[in-house]
2 protein chains.
Amino acid sequence: MKALPGFRDFLPDQCAARNYIFARWREVARRYGFVEWEGPILEPTELYKKKSGSEIVDQLFNFTDKGEREVAMRPELTPTLARVVAAHERGFRKPLKWFSIGQFFRYEKPQRGRLREHFQLNCDIVGEESLSADAELIALAIDAMRIFGFTANEFTVCISDRSAWNQFISENNIDSERVAEFLQIVDKLDRYRLDELETKLKPFRVSTAKLSDFLASGNIEMATGVGEELRRRGLSTFVEFDLHVVRGLAYYTGVVFELFDRQKKFRAIAGGGRYDNLIRQLSGGAISMPALGFAMGDVVLGDLINETPAARLQMHNQFQWNLWIDIYVVIAKEERRSDALAIIQALRDRFCPPLHRNYHVSYPLVAEKVGKQFQNAEGLGARVAILIGDEWPDVKVKILHTRKEQLIGKQQLFDHLQSLMRAAVQEDQFIARL
Amino acid sequence: MKALPGFRDFLPDQCAARNYIFARWREVARRYGFVEWEGPILEPTELYKKKSGSEIVDQLFNFTDKGEREVAMRPELTPTLARVVAAHERGFRKPLKWFSIGQFFRYEKPQRGRLREHFQLNCDIVGEESLSADAELIALAIDAMRIFGFTANEFTVCISDRSAWNQFISENNIDSERVAEFLQIVDKLDRYRLDELETKLKPFRVSTAKLSDFLASGNIEMATGVGEELRRRGLSTFVEFDLHVVRGLAYYTGVVFELFDRQKKFRAIAGGGRYDNLIRQLSGGAISMPALGFAMGDVVLGDLINETPAARLQMHNQFQWNLWIDIYVVIAKEERRSDALAIIQALRDRFCPPLHRNYHVSYPLVAEKVGKQFQNAEGLGARVAILIGDEWPDVKVKILHTRKEQLIGKQQLFDHLQSLMRAAVQEDQFIARL
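Residues numbered from 1 in each chain as written. Chains lettered and ligands numbered in written order. Predicted model: local features only at pLDDT ≥ 70, side-chain atom pairs only at ≥ 80, totals over all residues.

## A few points about unusual backbone geometry
Residues and elements named next belong to chain A. Each neighbour pair has its own omega, and for Trp392 with Pro393 the value is 10°, a cis peptide bond. With respect to the helices and strands, Pro393 occurs in the loop between strand E16 (384-388) and strand E17 (394-399). Non-glycine residue His356 carries a positive phi angle of around 60°. Along the polypeptide, His356 turns up in the loop between strand E13 (351-352) and strand E14 (357-358). According to the C-beta neighbour criterion, His356 is partly exposed, with 16 such atoms within 10 Å. (Helix = DSSP H or I, 4+ residues; strand = E, 2+ residues; numbered from the N terminus. Buried ≥ 20, exposed ≤ 12 C-beta atoms within 10 Å, placed from the backbone.)

Structure below.
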């Protein structure tokens, strides 16, 4: 038996990588003063039918539940956000700056960078129409890459403007019923040969020349203000303006943006923009609030971390504190198991200031040769082994990577361990950044 | 539009409570040397049909996906663990000590302590048949309560033994086809009046007297060894032996246990036990490994935290570091917005040793009156406000809860903030335990 196609089992090192991504996402969103919230994984299908656009609806994991409700595993978070904000906005100071880390589902062909499930960081600002909000959001998206060790050599943010497109659409008299279809063509522009593109555009009575002129104009009034704010923050090197970016989803209204690796080897790492009308539409006109947001998925990001040496090293440096233990208690005499268990419990109960947490401790569940126990200690990544045996009530404390050992009285054990851990933390400065 | 019945929206303070529970679960499992893994939320329905027992299968959120696969949103983790271990066990040192924090789904009537989704901590030990493993697992379950501030006044672990029941079943010639049904009756014993119980037991030819005698015997040989190990760890006050506990699921084989609040006001807080045959069954006989585990849900636990003053206080003390920001930058002169943005970016980029992380910073996205900005700063829970205005390049730094303020040169700002944060951390010792 295997997992379903497009679904992942996270073995311990894959789970540590996932948790590393989550922890960094949470940390960067908090730096920006965003607070965390979460919605349900299952929602009424209706929520997506209304506004997300047809591509996403065709890819839903949807079904009828045992209570005859039409339900869907969520493909994206924005409609849930609009629903929750419409219901609860009165209880919160505006603008809302909210983020969320959760799992999303789409039934499509699994391929590189795209599975049937993935995790996303979603960050949204609700209740502010000023371009300052767009700048704050894009700055956060940039820092959500920098926090993994990526620099302007590795990624770029392409900023575009749906309202410029809307103007183009109105000037070229494109049928309002077919705007989504037109934007889908633009979204996938670089996949078509020129003659294919001409055929695609024919029904819209737009020539490729006219489209090229528009794309080259790069005349993005709104985005200029955003660019200026990003420059003040020292983030200009990460930014490009590019009308090619339109975003697939139907509900965007203003500035839109996508993050790409510099070599464009991968799909977009993240994307988002303004959706000023969605909350009004989903609340049936009861509440109207400007809003904007972006999402960053874990799959492309994970691939990029793995292919970027500095980012990979940063991740692996932090692994050991998730995957490894601090102390292995070697029971050299079975007669001392009772004493060992008391010490193990005391260690797990004990706060260690240099580690900012209690000790992580393991031991042999059944009698084993001492040599085998030391092998286990190293296999589990322990820093220190405590050997309990003939010398009791003294114990041997051994630093595993230097093989230095010392006989310590039971009374002095905790002080001694604390100074060992202080030294270990100073060696591994990164722990301070966990 | 609302969330589906039995599904929760997590607004920021509810999400902070959830994250607090997750963080404590993760920490206690790591103390015991368990490593984190995770499985998919959607699995082949087959995985549950085989072994979980009929009650759980009737409550599945199951459907046929777009590729004609029978799939189900997972109701529990153990079958996935057995699947993953059977596929990957060769890559890991035994015994495995694995934990997981994830969401699970059951279609049943939403009621107090039970929704249609909940989060669970799952902890499992695979590859060790000794009772030492049962003791280690139960000790972890106890500490998974102590870590929230609960004491022996608030909860108890009831330990029982499925193998004693199996002996009772065989001595009383209960039809092997109907064992699950019989155990379900025992599991819900205290819901029946005596005459109801007699009717229920009649088909099994077991008298209530015989059942009472067995329950009173409390003769749990295996559990005695477990009790002794827990005593050595100083955990006896948390433990009771009680054959009433059988656990609903069909696959348990040995020691089983449940955690209850002392007053038994709530459903079980956690439960688990040994399932030595499940991995063999799910691997079609290819691999045989003894295993045991428990799960603790977030719903009953959350209710109990809210009803226990010490536990609630501990949770709220830690909230502020998830919900609140550190610094609010007040822009007193719009002409200084550029300078403010540069400072904001620098603060967010700056590691603050006493906090063990970077600063969390917010500011007004558009021009606002200074008084309103200070209100916002307090509403967002900021410790410190930095006022940028006429005094530039000096700035005013104000500690919000004491209202003490000081004029500081831009150059000295970071040193000054760091010493303020050091004082704040010393005031709130709990941050060290986050």
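## Some thoughts on the packing of helix H1 (residues 12-31) of chain B against helix H5 (residues 131-146) of chain B
Residues and elements named next belong to chain B. The interhelical angle for the contact between H1 and H5, taken along N-to-C directions, is 145°, at an axis separation of 9 Å. As for the relative orientation of H1 and H5, their crossing is right-handed in sense. For the pair H1 and H5, contact is made by Trp25, Val28 and Ala29 and by Leu140, Asp143 and Ala144, respectively. Residue composition of the contact of H1 with H5, by class: five nonpolar, no polar and one charged. (Axes fitted to C-alpha atoms, helices over the stretch in contact; angles between N-to-C directions. Left-handed = near helix turned anticlockwise from the far one by under 90°. Contact = placed C-beta atoms within 7 Å. Nonpolar A, V, L, I, M, F, W, Y, C, P; charged D, E, K, R; others polar.)

## Digging into the environment of B:Val157
Residue and element names in this part refer to chain B. Secondary-structure assignment places Val157 in strand E7 (residues 155-161). When the C-alpha positions of Val157 and Arg262 are compared, they lie 9.4 Å apart, and in sequence the two are 105 residues distant. Setting aside its immediate chain neighbours within four residues, Val157 contacts Ile138, Ala141, Ile142, Phe238, Val239, Glu240, Phe257 and Leu259.

## Comments concerning the interface of chain B and chain A
Each side of the interface is counted separately: chain B has 75 residues, and chain A has 75 residues. Of all the elements, H1(B) adds the most residues to the side of chain B that touches chain A, at six residues.

## So, the pairing of strand E12 (residues 327-331) of chain B
Residues and elements named next belong to chain B. Summarising burial for E12: five of the five residues are buried, a large majority. Neither face of E12 is left uncovered, since the one carrying Ile327, Val329 and Ile331 and the one carrying Tyr328 and Val330 both have all their residues buried. With two bridges connecting them, E12 and strand E15 (residues 361-362) associate as parallel partners. Within the sheet, the bridge partner assigned to Tyr328 lies in E15 and is Ser362. Both E12 and strand E16 (residues 384-388) contribute to a ladder of five bridges, which runs parallel. In the strand pairing of E16, Ile327 is matched with Val384. (Pairing = 2+ DSSP bridges.)

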